[in-house]
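Survey of secondary and tertiary structure
Next come the chains, spelled out residue by residue.
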Amino acid sequence: MGDRASDPHQAIRPGSETLRTLLILTLFAPPALWLGLAGCMVWGCPGPPPPPPEARLPQPATAPEDMLAQHGVVDRILDVYAELARQLEGGRPVRSETAWNAAGLVQTFVEGYHEKLEEDLVFVRFEAAGRELRLIGTLRRQHRVAALLNAQILLLASRADLEDPADRARLAADLRSYVRMYRPHTAREDTVIFPELREVVTPEDFYDMGVTIGRRRRELFGPGGYERIVERVADVERVLGIHRLEEFTPGFQPAAVTPRRPRPLER
Ligand SMILES: [Fe+2]
Ligand SMILES: [Fe+2]
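Owing to the predicted nature of the structure, the values given are computational and were not obtained by experimental measurement.

Attention now goes to the overall build of the chain. The helix and strand inventory of the chain stands at 10 helices and zero strands. Counting helices and strands in the order they occur from the N terminus, the chain gives α-α-α-α-α-α-α-α-α-α. Counting every position in the chain, which comprises 267 residues, the buried fraction comes to 22%. Counting only contacts in the chain whose residues sit at least 6 apart along the sequence, the fraction spanning at least 24 positions is 75%.

What follows is the structure, encoded as structure tokens:
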């Protein structure tokens, strides 16, 4: 666009301010700088030092990265719960083992791994730092309520083939309650707790947390355990007919309305 910064030929033309600055710097440069420059011309200037070998190795996922990926699995399980409830309410035949398997995944992955990590590694650090205490209290309470709800979901799913309308209605209501609570629960963790985690721990502690999360997963589920859990979720999705992602894409119909500026929300 003709400005000096974008035109390198204009930047140091005779009489320009840049040239004057260079001349002043040259006149007042200390002898050591001249020696250094001369050395560079003869032997070449040293580049930045190579990174230490351990820095070139793949680094473990940080705790927030890993916990966010775990929430991806939780999200898919919540979609399974929502679909189970929808099919139960719609009078569709639902096999009890489908609900049983889904609730078993919640027990194994959500309660036995994910929530335990949050409580043992993340929440305690916020409590020690006196940060987000009210929110942490609510998140801990919701873990307990979620466990009670899921125990009941397992119990109801263990009943013979879910033909009793009262059993179906009760199971659907518990599944809905679980999803209703757990979606905002994970959203608060994603948007408040995980982004603030770096501020309540030392850099060393932050690094160690990522290592601990990976180690605990290997201890609980073995190598490739995460992938196997995802496959088990996908198996339940297949039984319920919600395994094809493309089927969630809606057909778009443009709305024939005149746009109007909405009023801002009052706080
Ligand atoms: Fe949680
Ligand atoms: Fe979580």
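The geometry of helix α5 (residues 63–89) relative to helix α10 (residues 225–240) is characterised by a closest axis approach of 10 Å and an angle of 20° between their N-to-C directions. The orientation of α5 relative to α10 falls into the category roughly parallel. Helix-helix and strand crossings are classified by hand; for α5 and α10 the assignment is left-handed. Where α5 abuts α10, its residues V73, R76, I77, V80, E83, L84 and Q87 lie against I229, V230, V233, V236, E237 and L240. Classifying every residue of the contact of α5 with α10 gives nine nonpolar, one polar and three charged.

Turning our eyes to something else, we now look at α10. Taking 1.5 Å as the rise per residue, α10 with 16 residues should run 22 Å; its terminal C-alpha atoms sit 23 Å apart, in good agreement. Here the buried face of α10 lies against α5, α6 (96–129) and α9 (203–221). Taken from the residues just after α10, G241 is the one with a positive phi, measuring 80°.

Reading guide: rules and limits
- Residues numbered from 1 in each chain as written.
- Chains lettered and ligands numbered in written order.
- Predicted model: local features only at pLDDT ≥ 70, side-chain atom pairs only at ≥ 80, totals over all residues.
- Helix = DSSP H or I, 4+ residues; strand = E, 2+ residues; numbered from the N terminus.
- Buried ≥ 20, exposed ≤ 12 C-beta atoms within 10 Å, placed from the backbone.
- Contact = placed C-beta atoms within 7 Å.
- Axes fitted to C-alpha atoms, helices over the stretch in contact; angles between N-to-C directions.
- Parallel < 35°, antiparallel > 145°, perpendicular 65-115°, else oblique.
- Left-handed = near helix turned anticlockwise from the far one by under 90°.
- Nonpolar A, V, L, I, M, F, W, Y, C, P; charged D, E, K, R; others polar.
- Expected span 1.5 Å × (residues − 1).

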